[in-house]
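# Reading the structure
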Amino acid sequence: MPHVNIKHFPKELTDEQSAELVAGITEAVTKAFGCAEGVVSIAVEPVAQDEWQDRVYGPEIVERKELLHKTPTY
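Residues numbered from 1 in each chain as written. Predicted model: local features only at pLDDT ≥ 70, side-chain atom pairs only at ≥ 80, totals over all residues. Heavy atoms only, no water.

### Section: the layout of surface pockets
- Its volume calculated, the largest pocket comes out at about 610 Å³.
- Lining the largest pocket are 16 residues, with Asn5, Glu60, Ile61, Leu68 and Lys70 sitting closest to its centre.
- For the lining of the largest pocket, the elements supplying multiple residues, two or more each, are strand S1 (3–8) and helix H2 (52–62).
- Among the residues forming the lining of the largest pocket, the class breakdown is 8 nonpolar, 4 polar and 4 charged. (1 Å grid on protein atoms, 1.4 Å probe; cavity = no way out; pocket = protein on both sides within 12 Å on 5 of 7 lines; lining within 4 Å. Points joined across faces, edges and corners; volume = space filled by probe spheres on them. Helix = DSSP H or I, 4+ residues; strand = E, 2+ residues; numbered from the N terminus. Nonpolar A, V, L, I, M, F, W, Y, C, P; charged D, E, K, R; others polar.)

And the structure:
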């Protein structure tokens with residue numbers, strides 16, 4: 001059911017940081033949607049800083065702004 005895709009730069013996450021992030025997001029998603037943990041999927045995708053504009057900012061933030069519930073300030 002719910003799928004969350006997190007794109008980020010430039011920080012690499014440790015296994016512990018990644019597990020904490022996934023656990024926190026899973027908790028928030030299951031609470032908001034009233035669903036079981038087993039139906040939640042989460043992807044964490046590093047994106048090179050020099051690719052951010054073309055791969056994330058343009059296509060996912062600018063061109064899909066009607067879907068954003070939080071807008072960046074940059």
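### Focus on H2
- Here H2 has its buried residues at Trp52, Val56, Gly58 and Ile61.
- The inward-facing, buried residues of H2 abut S1. (Buried < 20%, exposed > 50% of the residue type's maximum accessible area, 1.4 Å probe, protein only. Contact = heavy atoms within 4.5 Å.)

### Brief notes about the pattern of salt bridges
- This model, assessed by the stated rule, comprises 3 salt bridges.
- The partner of glutamate 60 in a salt bridge is lysine 7, with the nearest N and O atoms 2.7 Å apart. Of the two residues, glutamate 60 is situated in helix H2 and lysine 7 in strand S1; the sequence distance between them amounts to 53 residues.
- A salt bridge links arginine 55 to glutamate 45; its shortest N-O distance comes to 2.5 Å. Of this pair, arginine 55 sits in helix H2 while glutamate 45 is found in strand S2 (residues 41–46), placing the two residues 10 residues apart along the sequence.
- Given a relative accessible area of 36%, arginine 55 falls into the partly exposed group.
- A relative accessible area of 24% places glutamate 45 in the partly exposed class.
- The network of salt bridges with shared partners includes Glu45, Glu51 and Arg55. (Salt bridge = Lys/Arg side-chain N within 4 Å of Asp/Glu carboxyl O.)

### Examining helix H1 (residues 15–33)
- If you check H1, its first and last C-alpha atoms are 27 Å apart, about what 19 residues at 1.5 Å a residue would give, namely 27 Å.
- Of all the positions in H1, only Ile25, Thr26, Val29 and Thr30 are classed as buried. One side of H1 carries all its buried residues, which in axial view fall inside an arc of 130°. For H1, exposure combined with an orientation more than 90 degrees from the buried face picks out Glu16, Glu20, Glu27, Lys31 and Ala32.
- Lining the buried residues of H1 we find S1 and S2.
- A positive phi of about 65° marks glycine 34, the residue just after H1. (Expected span 1.5 Å × (residues − 1). Arc of directions from axis to C-beta.)

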